[in-house]
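This is what each chain is made of:
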Amino acid sequence: CITPPDAMFGSLARIMYVRSHARLYRVSSLIGRFSTSTASNTVPNPFDPSLRRPAADPNANYEFLSDPREKTKISKPAVVKAWTKGVPIERKAHEQIFNIASMPFIHSHVAVMPDVHYGKGATIGTVLPTIKAIIPAAVGVDIGCGMCAVRTSLTSSQLPDSLKALRSLVEERIPHGRTNRGRRGVDRGSWRGEISDEVSNLWDQNLRSGFNKIIAKHSKLSKANSIEHFGTLGTGNHFIELCLDEEERVWLMLHSGSRGIGNRIGTYFIEKAKLDMKKHNRSLPDVDLAYLTEGTDHFADYVEGVEWAQKYAKLNRELMMNAFISSVRAAPGIPEFTARLEAVDCHHNYVSREHHFGKDCIVTRKGAVKAAKGSMGIIPGSMGERSFIVRGKGNADSFTSCSHGAGRLMSRTAAKKKFTVSDHVKATKGVECRQDSSVIDETPMAYKNIDDVMNAQSDLVEIVHTLKQIMCVKG
């Protein structure tokens, strides 16, 4: 039976070790109450050694995953290389990986990152190289979601004892969250009054003409929040953080994407792809694996929309970082400082045309960061853990990629059922942040251990800076 993701990780009972293929795998016995259609009482082992085998190259850090699906459901053999040693993979995610890896247009293999977990259409934390086809649901609805971080000249000794006033300023200046079902003009997560000149000018100079071109062909997209969300944070795991590095230097970091308009573009073309599948009578292992074929109008229009949304997402982070810096400058007790002594910005939900293993292909990184040799990236931990500024090593087997974070250990619903506000307060001790029931789904215990995740991808990136959060604003 397949265990529901909400129930995959009940209460942590013990850690044991098993030997398989002459390697030692750490196994967590994760035992919890759950129900399935067969009323099974056994939780599939997220470290199951029968579904993992080491690479032939003893120097390789990845392992091969074995197909867990019933033989009758396997359309073609699939190759999956996974940087998952010492980290769990839920059974449902494991099956989902092979559903997508067996698609006929996958090039070479699928690369799985250590933060992998179940998602819509494709697992989050996967890298999908495709030839002349693209799966909109694999890209997802937060197109261009990513990270931005800057180092300032400030040090910890120059910060006030309490960061509550700064958090209030940031929350006041950067719209975040969602109310009133996201309706224009009333949602607190959007601009409700007059839009500033900075936002308007950046929109006019970089995005307006492209948006008009898209909605001229697809008028339904005009109804989405576009400029109203430009320079706003969003909800869920999106955040704004003040951090200290290993030398007690102050960094500003944030996580967000293409907001309402990116969601609308993603959702719209996911449905277009599904309609195309019905039209051509194509069967799929999962309806969310509906794809668009290069050379068709929908493919071209989707790529145009994705590229525009990715540009929107990057500029959205730029606007918020400007607002964050100005908030720090305005906060009481903080002296003058220089910002952007170091700066990093990276997408982790996006599409790119690249060349790998002898062919030009379309690379979809769903919850993965490009880690080409020398390129800089950001791998955030949960709101009570550490984050990392990293430099890519250009590992070819991973399609020069790395993880985008720690990765969820359990669903939001499961986290809300399992943890209390008291648990969350203890886990975020020392961090100026919200500590109420509305953020329980983002509590640190809902995520994988960031140290395990980093150890599993030591051949993909090197750590340049280690950051510890001391203030966090959640959407």
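The structure reproduced in this document is the subject of the present report. Fair warning: this is a prediction, and the values are worked out from it, not measured in the lab.

## Quick word on the overall build of the chain
Argument step 1. Each helix and strand counted, the chain has 10 helices and 20 strands in total.
Argument step 2. For the chain, buried positions account for 58% of its 475 residues.
Argument step 3. In the chain, 73% of the contacts between residues at least 6 apart in sequence involve partners at least 24 apart.
Argument step 4. As displayed, the chain offers around 19800 Å² of accessible surface, 49% of which is attributable to carbon and sulfur atoms.

## Overview of the pairing of strand β18 (residues 386-392)
Argument step 1. Burial of β18 is extensive: 5 of the 7 residues sit out of reach of the surface.
Argument step 2. Two elements, strand β17 (residues 376-379) and β18, share 4 bridges in a ladder whose sense is antiparallel. Opposite G377, over in β18, you have V390 as the bridge partner.
Argument step 3. Linkage of β17 to β18, two consecutive antiparallel strands, is achieved through a turn of 6 residues.
Argument step 4. The pairing of β18 with strand β20 (residues 461-474) spans 7 bridges and is classified as antiparallel. Of the residues in β20, the one forming a bridge with V390 is I463.

## Details of unusual backbone geometry
Argument step 1. Located in the positive-phi region is K132, a residue other than glycine, with phi close to 55 degrees.
Argument step 2. Turning to its location among the elements, K132 is positioned in the loop between β7 (124-130) and β8 (133-134).
Argument step 3. Even without glycine at this site, F357 takes up a positive phi of about 45 degrees.
Argument step 4. The topology assignment puts F357 in the loop between β14 (349-356) and β15 (359-366).
Argument step 5. Among the residues examined, F357 registers a relative accessible area of 41% and is labelled partly exposed.

## A look at the environment of A273
Argument step 1. Looking at the element boundaries, A273 is found in helix α6 (residues 259-279).
Argument step 2. Among residues more than four places away in sequence, those in contact with A273 are P136, A290, Y291 and L292.

## Comments concerning the sheet that holds β15
Argument step 1. If you trace the 7 strands from one edge of the open sheet to the other, you get β3-β4-β5-β6-β7-β15-β14, paired in mixed fashion. For this open sheet the edge positions go to β3 (52-54) and β14, each flanked by a neighbour on one side alone. Within the sheet, the average angular offset between the axes of one strand and its neighbour, ignoring direction, is 30 degrees.
Argument step 2. Bridging between strand β6 (residues 110-117) and β7 involves 3 bridges; their strand directions are antiparallel.

## With respect to the pairing of strand β11 (residues 249-256)
Argument step 1. Within β11, 8 of the 8 residues are buried, which leaves the element mostly enclosed by the surrounding structure.
Argument step 2. Because side chains alternate across β11, one face comprises the buried residues R249, W251, M253 and H255, and the other comprises V250, L252, L254 and S256, equally buried.
Argument step 3. One ladder, built from 7 bridges, connects strand β9 (residues 146-155) with β11; its direction is antiparallel. Among the inter-strand pairings, V150 is bridged to a residue of β11, identified as L252.
Argument step 4. As paired strands, strand β10 (residues 239-244) and β11 are joined by 6 bridges and run antiparallel to one another. If you follow L242 over to β11, its bridge partner there is L252.

## What about helix α7 (residues 297-330)?
Argument step 1. For α7, with 34 residues, the first-to-last C-alpha span of 49 Å sits near the 50 Å given by 1.5 Å per residue.
Argument step 2. For α7, the tally of buried residues reaches 24 of 34 residues, placing the bulk of the element in the interior.

What counts, and at which threshold
- Residues numbered from 1 in each chain as written.
- Predicted model: local features only at pLDDT ≥ 70, side-chain atom pairs only at ≥ 80, totals over all residues.
- Heavy atoms only, no water.
- Helix = DSSP H or I, 4+ residues; strand = E, 2+ residues; numbered from the N terminus.
- Buried < 20%, exposed > 50% of the residue type's maximum accessible area, 1.4 Å probe, protein only.
- Contact = heavy atoms within 4.5 Å.
- Areas by Shrake-Rupley, 256 points an atom, 1.4 Å probe, with all protein chains shown as cover.
- Pairing = 2+ DSSP bridges.
- Axes fitted to C-alpha atoms, helices over the stretch in contact; angles between N-to-C directions.
- Expected span 1.5 Å × (residues − 1).

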